[in-house]
Amino acid sequence: MPAKATRTIGKLKFRVFIVEDHPVTRDGLVQLINYQDDLRVCGHAGTVAKAIGGVDEAEPDLVMVDVSLPDGHGIELVKDLKLRRPQARILVLSMHDEGLYAERAFRAGASGYIMKQEPTDTVLAAVRRILSGETYLSPRMQERVLNRFAAGKSASANSDVERLTDRELEVFELIGRGLGTRQIARQLRLGVSTVETHRAHLKEKLELESGTELTRRAVEWVNNHQK
């Protein structure tokens, strides 16, 4: 399906929707995109809930999604957006280690993953590459995936945390942020018993004996990987 674009003063401008909860970062992305001759921001949101409604209304050609959002996880948002708009092109832009999240983003339906510390020219190149129908992954991550494929190993089997499912990782991250079981259940719209089951699976997969050890491990992981 051809990308919908807006023709302005003889220029074809692709519509970009930005999902980012940090106002300074979001404003910087808006300015960067709107400064381009071929791109314009058609909307932005700082939460999962506002992003879903905003994307439905704006019908963008590309959605830029951050991994960490206050009411949910960017990877789950990518899945939701692809279910609602299968033709959507999505670029995940994040501070998170691409070694852990890039492959998850692609499995969810994203067309690219890029770290926020990359130069703006690289970010724009990724945006344009995806809009052209291609995918984007950093040369560093491409080499990592290829090396593991050549060795006959899954690119996601590097560590115990990487072996967690997307939902388990989401619960693990929220535990590390200090949320209790009921708070996690409310945020993820899950039953308390479901969250407790995820906690049990986390302890088993991470080889931890108690909830205290799980919390300590999660806090350490968040401190090392989050914004």
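As the structure is a prediction and not an experimental result, all values here were calculated from the model.

(A) Main features of the overall build of the protein. Counting secondary structure elements, the protein contains 10 helices and 8 strands. A total of 227 residues make up the protein; the buried ones form 48% of that total. Within the protein, contacts between residues at least 6 apart in sequence are counted, and of these 63% link residues at least 24 apart. When the accessible area of the protein is evaluated, it comes to approximately 11300 Å², of which 50% is carbon and sulfur surface.

(B) Main features of helix 7 (residues 166–176). Among the 11 residues in helix 7, 10 count as buried, and that is most of the element. Looking at helix 7, one finds that the buried residues are Asp166, Glu168, Leu169, Glu170, Val171, Phe172, Glu173, Leu174, Ile175 and Gly176. Gly178 sits one or two residues past helix 7 and shows a positive phi near 100°.

(C) Broad picture of the packing of aromatic side chains. Applying the stated criterion across every chain, the model contains 1 aromatic pair. Ring centres 5.7 Å apart and planes at 55° place the aromatic pair Phe172 and Trp221 in the tilted group. Of the two residues, Phe172 sits in helix 7 while Trp221 sits in helix 10 (residues 211–225), which places them 49 residues apart along the sequence. By the burial criterion, Phe172 is buried, and Trp221 matches it.

(D) Geometry of unusual backbone geometry. The backbone phi angle of Glu59 is positive, close to 50°, even though this residue is not glycine. Checked against the element boundaries, Glu59 lands in the loop between helix 2 (48–58) and strand 4 (62–65). Not every positive phi belongs to a glycine, and Arg189 is a case in point at roughly 60°. Structurally, Arg189 can be placed in the loop between helix 8 (181–188) and helix 9 (192–205).

(E) Quick peek at the pattern of salt bridges. Evaluated as defined, the whole model comprises 13 salt bridges. Ionic pairing is found between Glu103 and Arg107, a salt bridge with its closest N-O pair at 3.9 Å. Of this pair, Glu103 and Arg107 both sit in helix 4 (residues 98–108), 4 residues apart, which is roughly one turn of the helix. When the shortest N-O distance is used, the salt bridge between Glu170 and Arg167 registers 2.9 Å. With Glu170 and Arg167 both in helix 7 and 3 residues apart, this pair spans about one turn of that helix.

(F) Main features of the nonpolar core. With 48 residues, the main nonpolar core has Leu77, Tyr113 and Phe172 as its most contacted residues. Ranked by size, the runner-up nonpolar core spans 20 residues in total, among them Leu29, Ile33, Leu93 and Val123.

(G) Representation of the packing of helix 2 against helix 3 (residues 74–84). Contact geometry for helix 2 and helix 3: axes closest at 11 Å, N-to-C directions at 25°. Viewed along their axes, helix 2 and helix 3 adopt a mutual orientation that is roughly parallel. Where helix 2 crosses over helix 3, the two elements pack in a sense that is right-handed. From helix 2, Val48, Ala51, Ile52, Val55 and Asp56 reach across to helix 3, where they touch Leu77, Asp80, Leu81 and Arg84. Broken down by class, the residue content of the contact of helix 2 with helix 3 amounts to 6 nonpolar, no polar and 3 charged.

Rules used in this analysis
- Residues numbered from 1 in each chain as written.
- Predicted model: local features only at pLDDT ≥ 70, side-chain atom pairs only at ≥ 80, totals over all residues.
- Heavy atoms only, no water.
- Helix = DSSP H or I, 4+ residues; strand = E, 2+ residues; numbered from the N terminus.
- Buried < 20%, exposed > 50% of the residue type's maximum accessible area, 1.4 Å probe, protein only.
- Contact = heavy atoms within 4.5 Å.
- Areas by Shrake-Rupley, 256 points an atom, 1.4 Å probe, with all protein chains shown as cover.
- Phe/Tyr/Trp six-rings, centres within 6.5 Å; stacked < 30°, edge-to-face > 60°.
- Salt bridge = Lys/Arg side-chain N within 4 Å of Asp/Glu carboxyl O.
- Core = buried A, V, L, I, M, F, W, Y, C linked by side-chain atoms within 4.5 Å.
- Axes fitted to C-alpha atoms, helices over the stretch in contact; angles between N-to-C directions.
- Parallel < 35°, antiparallel > 145°, perpendicular 65-115°, else oblique.
- Left-handed = near helix turned anticlockwise from the far one by under 90°.
- Nonpolar A, V, L, I, M, F, W, Y, C, P; charged D, E, K, R; others polar.

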